[in-house]
Amino acid sequence: MSDHVGSNRLSLIPSNTDTTDGSTAMARLTADDPDDPSLQTVLQSLDDDHCRAILSLLDSPKSASELRDECELSSSTVYRKLELLRESGLVREYTEVRRDGPNVTLYERDFSEITIGVDDDGGFTMSVTRPETNAEDRLATFWSAMKEES
């Protein structure tokens, strides 16, 4: 189980996928991937001071209320910024199922590097490096998507 799990909690938070040499496996995605956000959306998120503050605090999964307290922002601002970061593909949302109380939604940074370049035609390109997901991560993503649809 992950470090985020207590005896009364079942975590749906993804963990890093370790390779045999102990390094973290990474997946590189480009802006050509239809599931990746647009360059404009990512730049809009990164241009926002509050979004950058939230991203800097997401070195580990946190709830919106923890982010609100640490950033000293209103709840509505935190949720608005988290939505923008989710749309930008920079933050993932997960549900931590608790046996001893209500479930909690946690947010986690979903990239390790963003590279922006210029192609031969003068257009901008973007590449996002993300942690590689394993079966546990995909199941967590599936349940989060099911929660959104219901």
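Here, every reference points to the structure presented above.
Residues numbered from 1 in each chain as written. Predicted model: local features only at pLDDT ≥ 70, side-chain atom pairs only at ≥ 80, totals over all residues. Heavy atoms only, no water.

### Comments concerning the side chain of Lys62
One can find Lys62 in strand 3 (residues 62-63). The class for Lys62 is buried, based on a relative accessible area of 10%. Polar side-chain contacts of Lys62 include one of 3.4 Å to the side chain of Asp59. Not counting chain neighbours up to four residues away, the residues in contact with Lys62 comprise Leu57, Leu67, Glu70, Thr105, Leu106 and Tyr107. (Helix = DSSP H or I, 4+ residues; strand = E, 2+ residues; numbered from the N terminus. Buried < 20%, exposed > 50% of the residue type's maximum accessible area, 1.4 Å probe, protein only. Polar contact = N/O pair within 3.5 Å; in protein donor to acceptor, adjacent residues only side chain to side chain. Contact = heavy atoms within 4.5 Å.)

### As for the nonpolar core
Within the largest apolar cluster, 19 residues are counted, with the highest numbers of intra-cluster contacts made by Ile54, Leu82, Leu85 and Val91. Elements supplying a minimum of two residues to this core: helix 2 (49-57), helix 3 (64-71), helix 4 (75-87) and strand 7 (124-131). Per-element accounting of this core gives the leading share, 4 residues, to helix 4. Once residues lying within four places of it in the same chain are set aside, the contact partners of Leu82 are Ile54, Ala64, Leu67, Val91 and Tyr107. (Core = buried A, V, L, I, M, F, W, Y, C linked by side-chain atoms within 4.5 Å.)

### Here we look at helix 2
It helps to recall that an α-helix has 3.6 residues per turn; residues three or four apart then point in one direction. By the burial criterion, the buried members of helix 2 are Cys51, Ile54 and Leu55. Projection of helix 2 onto a plane perpendicular to its axis shows the buried side chains occupying an angular sector of 100°, all on one side. Contacts from the buried residues of helix 2 go to helix 1 (39-46), helix 3, helix 4, strand 4 (91-98) and strand 5 (104-109). Where helix 2 starts, the residue carrying a side-chain oxygen 2.8 Å from the main-chain nitrogen of His50 turns out to be Asp48. (Arc of directions from axis to C-beta.)

### Examining the packing of helix 2 against helix 4
Contact pair helix 2 / helix 4: the axes reach a minimum separation of 10 Å and the direction vectors enclose 80°. Put simply, helix 2 runs roughly perpendicular to helix 4. Residues His50, Cys51, Ile54 and Leu55 of helix 2 pack against Thr77, Val78, Lys81, Leu82, Leu84 and Leu85 of helix 4. (Axes fitted to C-alpha atoms, helices over the stretch in contact; angles between N-to-C directions. Parallel < 35°, antiparallel > 145°, perpendicular 65-115°, else oblique.)

### Concerning the pairing of strand 5
With 2 bridges connecting them, strand 3 and strand 5 associate as antiparallel partners. If you follow Lys62 over to strand 5, its bridge partner there is Tyr107. Between strand 4 and the antiparallel strand that follows it, strand 5, lie 5 residues. (Pairing = 2+ DSSP bridges.)

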